[in-house]
There are 2 protein chains.
Amino acid sequence: MNGIPHLTLDLDQPGVNRGHLVVPGGADCEELWLPVFSLNKGEGSRLLITGGCHGDELEGPIVARRLIEWLPEAQTCGRVIIIPVLNPPAVRAWSRNTPIDGLNLNRVFPGSPDGSVTERIADAISRLVLPMADTVFDLHSFGLRWDFPPASTTHPIANADLMAKTLRMAEAFKLPVTLLWEHNDTPGMFDTWAHSQGKVFVCAEFGGGTVGSEALAIYEAGVRNALIALELVEGKAEYPIFRQRKSSQTLETRSSDELKSPAPGIFEPRCSVLDEIEQGDLIGILHPMDSLSAGSIDIRAPTASVVCAVKSGMHVEADEAVAMLARPIKF
Amino acid sequence: MNGIPHLTLDLDQPGVNRGHLVVPGGADCEELWLPVFSLNKGEGSRLLITGGCHGDELEGPIVARRLIEWLPEAQTCGRVIIIPVLNPPAVRAWSRNTPIDGLNLNRVFPGSPDGSVTERIADAISRLVLPMADTVFDLHSFGLRWDFPPASTTHPIANADLMAKTLRMAEAFKLPVTLLWEHNDTPGMFDTWAHSQGKVFVCAEFGGGTVGSEALAIYEAGVRNALIALELVEGKAEYPIFRQRKSSQTLETRSSDELKSPAPGIFEPRCSVLDEIEQGDLIGILHPMDSLSAGSIDIRAPTASVVCAVKSGMHVEADEAVAMLARPIKF
């Protein structure tokens, strides 16, 4: 059953093409056929849009489907490749990681042709699709356990020129937050790999929880703004409305900006994303589970900042992250 | 290790008491100690408030903790018993069902002293706590896979007098929706058992997804309104603000009001809860996963109605529920 990854469509062919990226089978599962859309209008930006890297983040696959509906009418030049679902087994299982091998697709790049299924997906993307693009939008969301604002994000990049270009691209989404996000756990990420190949790579992220029609409209508007900035489609970029406001801010968050739970128990959120807070403001309360007499513990802001992410009300372990703070970026 | 369920506090003792409901151990796990709060101010309503029946619905446990903070100052008469977490193993695992035996606590009432842990919890509640109350508020939420408005709900009750009393009690929460909910899968539910014992039993439910500070404030306001209606605390009941509106409507939904997915694929929600829709309006779109050429399928409203619940954007199977419609109740 082993084979080599291949495309059933020719990405160089002009106009609209639909087909599949075939990921070879192995001992763990049969080959996977990932639907691919390609719209080649010649000279201009070369953009890859991907979704469904994590199977419980469905904004991306849905917005990717919407783009496929209206891009053929709207795109004036350049090339766009769209893969709505990078990880079909994870999406079918509504699972962050691939249920077959338990791996996180966003930690195994550039993958391996001889690895387990998640590594084979990463390998096929890295070798056959990524080289066809100069810019990548990977459509994520922040997951079910967190509240998070609509945001475009990038991790810090050592190459200053690529960092500047990437941040400008991220800001072009005009989402409520553009986030420069220092993250300790980056080896094997799709963006880390793409950055190493000189690509401009931006993740869109979204609030956790239910994927609803209003959130999808904001998400789609952000991607459309970025397509306008790349001059792939014409139009006027506009800030989407989020919580009755049209606004945007560029923030940075460091690993040290994560607030951790002081003990196991039920975390009660007492702030909302984008709240501007002073030192000492209440972020949340940790309630021990075993007793109603033992005191609950207040979790307070160590410095003035903006709330960038808040854990959902749920049981947490000691030292588990419950909030991420951020501040306006200084160049 | 087997024993009999017992309370470490005397619920008849005046004033505030804190202790535990001890659920005996068995072959599957050690005994469980469920924290219990009791506030006995003599004559008046006898109310039991429970949360954490499902381990991924944390609004209830958090609001229950808040009540424990302010009730000692506010309660003027009657008795209130609060058990913030009915199912500690499920809450620790952020799991709807008990991870130890895989059972749904809300399907095994009245439970069994010789059963597995979930059945032993139900048995302890049924025998030692439920008889101490005339009214029960069981604090749920609608789960992670759905958007759902803040609501108080009851299933239909054959006893017309109890039905009327229960619906009045549910309306006293003054949440955006009071829902009379016909549900096929009711055997073993806590409310079905409590109704059979002549109790007024109301569930509070809440939108799926992230448990945030604004949702918690609405939820707490609803419970406070109901406490005022029971004359346990003084004050003026007020409609909480939800989506910039203060309003309330009493709706009913039947099993036949569930819309099902016509095929497996990714469900894209195209409406929001509380939308008033006409026959033929678009509820959502079903996108097949395997191909970008095969058509997506529109899911439309069969009749004029109010959207009561919408499934999150996610992969669904054929015939899986994707929306619940409702209409104003007619007496």
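Provided above is the structure to which this section pertains.
None of the values given here were measured: they were computed from a predicted structure. (Residues numbered from 1 in each chain as written. Chains lettered and ligands numbered in written order. Predicted model: local features only at pLDDT ≥ 70, side-chain atom pairs only at ≥ 80, totals over all residues. Heavy atoms only, no water.)

Residue and element names in this part refer to chain A. If you trace the backbone, S305 turns up in strand β17 (residues 305-311). Separated by 3.1 Å, the side chain of S305 and the backbone oxygen of T303 make a polar contact. Those residues in contact with S305 that lie beyond four places of it in its chain are D275, E276, I277, L325 and A326. (Helix = DSSP H or I, 4+ residues; strand = E, 2+ residues; numbered from the N terminus. Polar contact = N/O pair within 3.5 Å; in protein donor to acceptor, adjacent residues only side chain to side chain. Contact = heavy atoms within 4.5 Å.)

Residue and element names in this part refer to chain B. At their nearest, the axes of helix α1 (residues 59-74) and helix α6 (residues 213-229) sit 10 Å apart, and the two run at 55° to each other. Taken together, the axes of α1 and α6 are oblique relative to one another. Both α1 and α6 take part in a crossing whose hand is right-handed. Taking contact as the criterion, the partners of E59, I62, V63, R66, L67, W70 and L71 in α1 are, on α6, L216, A217, Y219, E220, V223, R224 and L227. (Axes fitted to C-alpha atoms, helices over the stretch in contact; angles between N-to-C directions. Parallel < 35°, antiparallel > 145°, perpendicular 65-115°, else oblique. Left-handed = near helix turned anticlockwise from the far one by under 90°.)

With that out of the way, let us pick up the relation of the copies chain A and chain B. Both copies of the chain are placed relative to one another by a rotation about an axis and a shift along it. For these two chains of identical sequence, chain A goes onto chain B by a turn of 180° and a shift of 0.0 Å along the axis, with RMSD 0.0 Å. Look at the turn and shift together and you get a two-fold axis relating the two. For chain A, the residue whose C-alpha comes nearest the rotation axis is A:G209, separated from it by 1.8 Å. Taken together, the interface assignments show that 100% of the residues at the interface of chain A recur at the interface of chain B, consistent with an identical surface on both copies. (Least-squares fit on C-alpha atoms with pLDDT ≥ 70 in both.)

All right, on to helix α3 (residues 117-129) of chain B then. All names here are of chain B. An ideal rise of 1.5 Å per residue puts 18 Å on 13 residues; α3 measures up with 17 Å between its terminal C-alpha atoms. Summarising burial for α3: 10 of the 13 residues are buried, a large majority. Looking at α3, one finds that the buried residues are V117, T118, R120, I121, A122, D123, A124, I125, S126 and V129. Looking at the buried residues of α3, the elements they touch are β2 (15-23), β3 (32-41), β4 (46-51), β5 (78-83) and α5 (190-196). (Expected span 1.5 Å × (residues − 1). Buried < 20%, exposed > 50% of the residue type's maximum accessible area, 1.4 Å probe, protein only.)

The sheet built from 4 strands is open, its strands ordered β16-β15-β13-β18 (chain A) with antiparallel pairing. Each end of this open sheet is capped by a strand with a single partner; those strands are β16 (297-300) and β18 (314-316) of chain A. Neighbour to neighbour, the strand axes of the sheet diverge by 35° on average, direction disregarded. With 4 bridges joining them, strand β13 (residues 265-269) of chain A and strand β15 (residues 282-287) of chain A adopt antiparallel strand pairing. Paired with A:E268 across the two strands is A:I285, which belongs to β15(A). Strands β13 and β15 of chain A of the sheet are contacted by α1(B), whose axis makes an angle of about 80° with β13(A). (Pairing = 2+ DSSP bridges.)

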